[in-house]
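Structural characterization, general
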Amino acid sequence: MDKFTRLTGRACPINQTNLNTDQILPARYLKWTRAMGIGKVLFQDLRFDADGNERPEFPINKPAWRNARIVVGARNFGCGSSREAAVYALYDYGIRCVIAPSYGDIFSGNAIQNGLLTAIVTDEEAAEIMEALQRTPEMPITVDLEEQTILCGNRTYKFSIDPVRRMRLLKGWDDIALTENYRDRISAFKASDRKARPWAIPEAET
Amino acid sequence: MNQPQNIIDKLWAAHEILRREDGQSLLWVDRHYVHEGSFHAFGRLAERGVPVAEPSLTFGVADHYVPTRGSRRDIANPELARMVRQVEENTARHGVKLFGLDDPRQGIVHVVGPEQGLTLPGLLIVCGDSHTSTHGALGAYAFGIGASEVAHVLMTQTIWQKKPPRMRISVDGRASPGVAAKDIVLSIIAHIGADGATRHAIEFAGSAIRALSIEGRLTLCNMSIEAGARCGMVAPDQLTFGYLKGRPYAPEGAAFDRAVEEWSSLKTDADSEFDREVTLDANRIAPIVTWGTSPEDALPIDGSVPDPAREPDEARANYLRGALEYMGIAPGKRLIDIAVDRVFIGSCTNSRIEDLRAAAAVLSGRTSKVPGLVSAGSSLIKMQAEQEGLDRIFLDAGLEWGESGCSMCVGINGDLVAPGERCASTTNRNFRGRQGPGARTHLMSPAMVAAAAVAGHLADVRPMLAGRKV
Ligand code: SF4
């Protein structure tokens, strides 16, 4: 996993509450592997109409935001389906950070696993950043994970993130490597648990 | 004296292998369910060349991509065939039991687990699917995870989690006839919002919850994710134990009795703490339908959709305009004036035998004004429904009786709602495009879907139940 420390880039505002992962990546692309270019179909049904024409009003289609590295969203960003491919789509499109007041629980967990930062600001701050971007679409934003700050024009915002997630992003930690360190503890737990809860083992097939 | 604990604390403690200083806990996983979508995770195992750590605790199903009509042996669509073959190969390679298309126990993962007695009280259950919360209905700690976590569980049978805040949602009183578990859970979501329980573990409690059948509790816990919760659960009771007794994978004989003894302690002690409490009155819950593009957009059937012009909050007004425009509904329109084009009865929310009976009770001797599909949650339920003659009722009403799978809930098997079409559906998500690009979904209970089918528009099922046995 790539580390995240600091990023400066264009930021695309998408002001939709409850923007669910079905919108980020429609279900029909779930059979795609990442190698097939899942980033190309990010927000597919929001970006294109039924005939495949671009919807010019959808923010990421606007010239200033086409190459955005950051998305600024509203409350409950990424709610719904657990599809990690929604994170792959964002990441492979080039997005490295989402800024929003709250996230779908599974989505933000998936994001961290893939080096995508989910920064939390208040509703008002998200609205302010989005407004600033509407006024000056080309303005780059700087997100600093060590300082937990967002620099947007002449304003600096503090953002929050779970400390463990912050650490993992800063170090680019891999869960599995971490768990390996506890192999003995796991075996010990398993052995005593089998005695304590024999009913937890499924009956073998007869 | 021991600190009083709630059921969430007890389940958590039973699975915590260790807790790091940073607050992350490593939890033991008792059951891991996989499906066609788990291919990303199996791919990671292949990359590392490692086996599944505990194949005997891992179970696979084919559900998301399986056809509901035509041959299931010889799937015509090559992409669907490939997805099904993939899960067959991945599970076979790792010695994981699969309920595949040639197995009479095949069905939707969240239906099969409880039905087979794989899901038990006191277990920690994960699956790469957000509706894993369903299994909490039997008193399990069950939650959906992403592909990286699926890979981690496959490799280690453990998962890292931070203990979530605990929330109790109590529904007391008595739901009136025609009001189902679906109406209760949609009312809860409408009340607290689609992010009202974000990150929380929920215990559903209260007399109206206790009064629900196991099927009803499964519907309830299924949709806890639609309020943003990590998991939802109902403390196990006699009803739970009765439901589980004799199920193929549940403990048997003396082992079952011993398990029941332990399961009986899985309840919230008096005076134990919750981080949040919400209460609802079941007497005030009416049959409810969604009108918009989030499950929180739910209203009693005698209501009208909102009018953005009367909404003082600008952001909210914008949301309402967008949702109504997508749904093709004029502001302020009465719900019962909304005509539907199609109905769907199925999905892990409402496709169990009781759901099919509830729909059939309304449809019996009546015809549907619109086409529709009924897909049982498992092949065993399909068989049982046929033994009870429910399939005849659906067919005589003019609906299609399909095979079991996720079907039109998400449409990736090809069962799609056409662009612009409006579907009354027993599923759990009315997201834009959920049932197909441009599809318009209204969520409701099976009986309410049946009522919409008979009326040709959204309708109150209660008058249609007069004089019928339900
Ligand atoms: S029925 Fe629908 S919600 Fe349930 S597992 Fe299948 S696709 Fe997901």
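What counts, and at which threshold
Residues numbered from 1 in each chain as written. Chains lettered and ligands numbered in written order. Predicted model: local features only at pLDDT ≥ 70, side-chain atom pairs only at ≥ 80, totals over all residues. Heavy atoms only, no water. Phe/Tyr/Trp six-rings, centres within 6.5 Å; stacked < 30°, edge-to-face > 60°. Helix = DSSP H or I, 4+ residues; strand = E, 2+ residues; numbered from the N terminus. Buried < 20%, exposed > 50% of the residue type's maximum accessible area, 1.4 Å probe, protein only. Salt bridge = Lys/Arg side-chain N within 4 Å of Asp/Glu carboxyl O. Domains from an automatic or database assignment. Contact = heavy atoms within 4.5 Å. Buried area = accessible area lost by both parts, 1.4 Å probe. Polar contact = N/O pair within 3.5 Å; in protein donor to acceptor, adjacent residues only side chain to side chain. Core = buried A, V, L, I, M, F, W, Y, C linked by side-chain atoms within 4.5 Å. Pairing = 2+ DSSP bridges. Right-handed = clockwise from strand over helix to strand, strands pointing away. Axes fitted to C-alpha atoms, helices over the stretch in contact; angles between N-to-C directions. Near = heavy atom within 4 Å. Nonpolar A, V, L, I, M, F, W, Y, C, P; charged D, E, K, R; others polar. Parallel < 35°, antiparallel > 145°, perpendicular 65-115°, else oblique.

With that settled, consider the packing of aromatic side chains. Taken as a whole and judged by the stated rule, the model has 15 aromatic pairs over all chains. Taken together, a centroid distance of 6.2 Å and an interplanar angle of 40° make the contact between Phe189 of chain A and Trp28 of chain B tilted. Here the residue Phe189 of chain A occupies a position in helix H8 (residues 183-196), and Trp28 of chain B occupies one in strand S2 (residues 24-28), the pair thus bridging two chains. A relative accessible area of 14% places Phe189 of chain A in the buried class. In this structure Trp28 of chain B comes out as buried when scored by relative accessible area, which is 3%. Note on Trp199 of chain A and Trp263 of chain B: the rings are 5.6 Å apart at their centroids and 85° apart in plane angle, and the pair reads as edge-to-face. With Trp199 of chain A in the segment after H8 and Trp263 of chain B in helix H10 (residues 253-263), the pair connects residues from two separate chains. For the pair Trp199 of chain A and Trp263 of chain B, one class covers both residues: buried.

The next thing to look at is unusual backbone geometry. Note: most residues except glycine have negative phi, and most peptide bonds are trans. Residues and elements named next belong to chain A. The backbone of Phe43 sits at a positive phi, close to 55°, despite the residue not being glycine. We note that Gln148 has phi near 55°; this positive angle belongs to a residue other than glycine. Looking at the secondary structure, you find Gln148 in the loop between strand S5 (140-144) and strand S6 (149-152).

All names here are of chain A. On inspection of all chains with the given rule, the structure shows 44 salt bridges over all chains. Salt-bridge contacts for Arg6 lead to Asp144; the nearest nitrogen and oxygen are separated by 3.1 Å. Residue Arg6 is located in strand S1 (residues 6-14), and its partner Asp144 is located in strand S5; the two are separated by 138 residues in the primary sequence. In this structure Asp144 comes out as buried when scored by relative accessible area, which is 12%.

Residue and element names in this part refer to chain B. As far as domains go, chain B holds domain 1 (7-162 + 238-260), domain 2 (166-236 + 269-284) and domain 3 (288-465). On a C-alpha basis, the centroid separation for the pair domain 1 and domain 3 is 28 Å. Every contact between the two is made by 22 residues of domain 1 and, on the other side, 23 residues of domain 3. Here domain 1 and domain 3 share an interface that buries about 1900 Å² over both sides, 56% of which is from carbon and sulfur atoms. The interface formed by domain 1 and domain 3 contains three salt bridges.

The extent of an interface is frequently quoted as the accessible surface area lost upon association of the parts. Each side of the interface is counted separately: chain B has 72 residues, and chain A has 54 residues. Where chain B packs against chain A, one counts 10 salt bridges. Between Glu84 of chain A and Arg44 of chain B there is a salt bridge, and its shortest N-O distance comes to 3.6 Å. Our count for the contact surface shared by chain B and chain A stands at 24 residue pairs in polar contact (both at pLDDT 80 or more).

Our next topic: the nonpolar core. By size, the foremost hydrophobic cluster in this structure holds 129 residues, and its most contacted members are Phe43, Phe77, Ile99, Leu117 and Val143 of chain A together with Leu356 and Phe394 of chain B. For this core, the leading source of residues is helix H15 (residues 446-455) of chain B, giving nine residues. Per-domain counts for this core show at least three residues from each of domain 1 (7-162 + 238-260) and domain 3 (288-465) of chain B. Beyond its immediate sequence surroundings of up to four residues, Phe43 of chain A is in contact with Ile14, Leu19, Gln23, Ile24, Phe58, Ile60 and Leu90 of chain A. One finds Phe42, Leu123, Val185 and Ile285 of chain B within the second-largest nonpolar core, a separate group that totals 88 residues.

Moving on: the pairing of strand S2 (residues 70-73) of chain A. All names here are of chain A. By the alternation rule, side chains of S2 split into Ile70 and Val72 and Val71 and Gly73, which are all buried. Here S1 pairs with S2 via four bridges, running parallel. Directly across from Cys12, in S2, lies its bridge partner Val71. By the bridge criterion, three bridges tie S2 to strand S3 (residues 97-100) in an arrangement that is parallel. Paired with Ile70 across the bridge in S3 is Cys97. Chirality of the crossover, the property in question, places the unit of S2, helix H3 (residues 85-93) and S3 among those that are right-handed.

With that out of the way, let us pick up the side chain of Asp105 of chain A. Mapped onto the elements, Asp105 of chain A comes out in helix H4 (residues 105-113). A relative accessible area of 9% places Asp105 of chain A in the buried class. The contact partners of Asp105 of chain A, leaving out residues within four places of it in the chain, are Arg165 of chain A together with Arg199, Gly228 and Arg230 of chain B.

Residue and element names in this part refer to chain B. Pairing within the open sheet is parallel, and its five strands lie in the order S17-S16-S15-S18-S19. Among the strands making up the open sheet, the edge pair consists of strand S17 (400-402) and strand S19 (440-443). Strand-to-strand twist in this sheet, taken as the mean axis angle between neighbours without regard to direction, amounts to 20°. Examined bridge by bridge, strand S15 (residues 342-345) and strand S16 (residues 372-375) share three bridges and lie parallel to one another.

Take the site of the ligand next. Around the ligand, the neighbouring residues are His64, His110, Asp129, His131, Ser347, Cys348, Cys406, Cys409, Val410, Asn428 and Arg434 of chain B. Here the shell around the ligand is built from residues that sort into four nonpolar, five polar and two charged.

Our next topic: the packing of H4 of chain A against helix H6 (residues 163-171) of chain A. Residue and element names in this part refer to chain A. One way to put it is that H4 packs onto H6 with a least axis distance of 9 Å and a crossing angle of 30°. If you check the angle between H4 and H6, you find them roughly parallel. Side by side, H4 and H6 meet where Asp105, Ser108, Gly109, Ile112 and Gln113 of the first sit next to Arg165, Arg168 and Leu169 of the second.

All names here are of chain B. Pairing is parallel across the open sheet formed by four strands, whose spatial order is S11-S10-S9-S12. The sheet terminates laterally at strand S11 (231-233) and strand S12 (276-281), the two strands that pair on one side only. Between one strand and the next, the sheet's axes are offset by a mean angle of 20°, whatever the strand orientation. Pairing of strand S9 (residues 166-172) with strand S10 (residues 201-205), which is carried by five bridges, proceeds in the parallel orientation. From the neighbouring strand, Ile169 faces S10, where its bridge partner is Phe204.

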